[in-house]
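# Overview (structure and organization)
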Amino acid sequence: MTSLADANGGYLTWDQLANLPLPDGTTQRLVDPGKGGIWNPRDFVATLSIITSPDGPYPDSEENGLLEYHYQRGPEGGKNLKLRAAIELRLPLLRLHKVAKGIYAPVFPVYVVGDNPITRQFTLSLDENIRLIEGGAGLSALEKAYAERMVQQRVHQPAFRARIMLAYDGACTVCTLKHPELLDAAHIIEDASELGDPVVPNGLSLCKIHHAAYDRNLLGISPDYEILINVALLHEVDGPMLKHGLQEMHQRRLHIPVRKADRPDPNRLQLRFERFESA
Ligand SMILES: [Zn+2]
């Protein structure tokens, strides 16, 4: 599953999830054929996978690394029974976080750590050890910080990467290298600052070398999508990587996403470009 997702750029399509090839030549279905959010294969004692969706019919909320996941509607017990079994048996689940129509970023493992029949919600955790203590006692400040970093690393960053790879069709925006395993989802404005949110217009699909060059201001991108190479570097003499990989990119146009809403934001590019110019 991981290698398949890596080849795409960190995501799996519905079709891939419906027919995941196994090493023994057979396939395993990882999603509900009825398109439900919970998938309980008949020969599994507990739930195999759940889908989480930021725009789904249930407003699932995620705080402190804990996700409140609504019971599936339907007959009493029903699909929810095998989620309950996952708590008792302490079995991990596969979480499929929806990033676009038919596209999911896999998050594994996740654990069901709570069941609240009054609010009709399960509590899912990215770490088996992070759970609210019965009676509603909360997490310490240190646990909260750890939990938030975990959500960032295991849910938000992979979702950002998947959206960028989709928008750029798995190619470097500078050199068009089309190997997601060699590409990063780079931020134009770094995520700690204002305007640094993990949205596609604040991102660029860059191969490792162009990402590093962009971060070190050896390569700049103007607000009108022109690539520029640092003047000193432009006049250096060295081997083919410098010549073809960097110098020949000078004054080329960026390969931008087809969808207008996915294109890099000129305001953010401008802010970043000022740093390249003054470097
Ligand atoms: Zn590149």
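Residues numbered from 1 in each chain as written. Predicted model: local features only at pLDDT ≥ 70, side-chain atom pairs only at ≥ 80, totals over all residues. Heavy atoms only, no water.

This brings us to the overall build of the chain. Looking only at helices and strands, the chain features 8 helices and 14 strands. Viewed in the frame of its principal axes, the chain has a C-alpha envelope of about 70 × 50 × 30 Å. A burial count over the chain gives 45% of its 279 residues as buried. Expressed as a percentage of contacts within the chain between residues at least 6 apart in sequence, the contacts between residues at least 24 apart total 57%. Taking the 30 positively charged and 35 negatively charged side chains of the chain as two groups, their mean positions are separated by 5 Å. (Helix = DSSP H or I, 4+ residues; strand = E, 2+ residues; numbered from the N terminus. Buried < 20%, exposed > 50% of the residue type's maximum accessible area, 1.4 Å probe, protein only. Contact = heavy atoms within 4.5 Å. Lys, Arg positive; Asp, Glu negative; His and termini not counted. Charge placed at Lys NZ, Arg CZ, Asp CG, Glu CD.)

Another point: the UniProt feature "domain: HNH nuclease" (unreviewed entry) in the chain. As recorded in UniProt, the sites labelled "domain: HNH nuclease" (unreviewed entry) are residues 172–221. Taken as a whole, residues 172–221 contains 16% helix and 26% strand, while its terminal C-alpha atoms sit 13 Å from one another. (UniProt positions renumbered as here; feature names shortened; annotations may be inferred.)

For the zinc ion, the full set of protein donor atoms is Cys172 (SG), Cys175 (SG), Cys207 (SG) and His210 (ND1), at a range of 2.1 to 2.3 Å. Around the zinc ion, the 4 donor atoms sit at angles spanning 92 to 119 degrees, and that spread fits a shape best called tetrahedral. In the primary structure, the donors to the zinc ion are separated according to the pattern C-x2-C-x31-C-x2-H. (Donors = N, O, S within 2.8 Å, 3.2 Å for Na, K, Ca; no water. Tetrahedral: all angles 85-135°; square planar, octahedral: opposite > 155°, others 65-115°.)

With respect to the secondary-structure elements, Asn202 resides in the loop between β11 (183–187) and β12 (203–207). Asn202 gets classed as buried once you look at its relative accessible area, which sits at 0%. Dropping the residues within four chain positions of it, Asn202 is found in contact with Phe160, Ala186, His187, Ile188, Ile189, Leu195, Gly196, Asp197 and Arg268.

Scanning all chains against the criterion turns up 11 salt bridges. Among the ionic pairs, Asp32 bridges to Lys79, the shortest N-O distance being 2.7 Å. You can see Asp32 sitting in the loop between β3 (27–28) and β4 (38–39) and its partner Lys79 sitting in the loop between β7 (66–70) and α3 (80–89), a full 47 residues away along the chain. A residue is classified by how much of its surface remains accessible, and Asp32, at 9% relative accessible area, is buried. Since its relative accessible area comes to 25%, Lys79 is described here as partly exposed. We note a salt bridge from Lys178 to Asp169, for which the minimum N-O separation is 3.5 Å. Salt bridges sharing common partners tie together Asp197, Asp265 and Arg268. (Salt bridge = Lys/Arg side-chain N within 4 Å of Asp/Glu carboxyl O.)

This paragraph deals with empty space enclosed by the protein. Overall, the coordinates contain 1 cavity of 30 Å³ or more when judged by the stated rule. In this structure, the largest cavity spans a volume of roughly 30 Å³. Contributing to the lining of the largest cavity are Gln152, His156, Gln157, Phe160, His187, Asp191 and Pro198. Considering every element that reaches the lining of the largest cavity, the biggest residue donor is helix α4 (residues 141–167), with 4 residues. Across the lining of the largest cavity, the residue classes break down as 2 nonpolar, 4 polar and 1 charged. (1 Å grid on protein atoms, 1.4 Å probe; cavity = no way out; pocket = protein on both sides within 12 Å on 5 of 7 lines; lining within 4 Å. Points joined across faces, edges and corners; volume = space filled by probe spheres on them. Nonpolar A, V, L, I, M, F, W, Y, C, P; charged D, E, K, R; others polar.)

Another point: the nonpolar core. Membership of the largest hydrophobic core comes to 35 residues, with the highest contact counts inside it found for Val174, Leu204, Tyr214 and Leu219. Only β9 (103–116), α4, β11, β12, α5 (208–215), β13 (219–221), β14 (227–229) and α7 (240–246) provide two or more residues apiece to this core. Broken down by element, the residue count for this core peaks at 6 residues, all from α4. A domain-level breakdown of this core finds at least three residues from each of domain 1 (2–164) and domain 2 (171–278). (Core = buried A, V, L, I, M, F, W, Y, C linked by side-chain atoms within 4.5 Å. Domains from an automatic or database assignment.)

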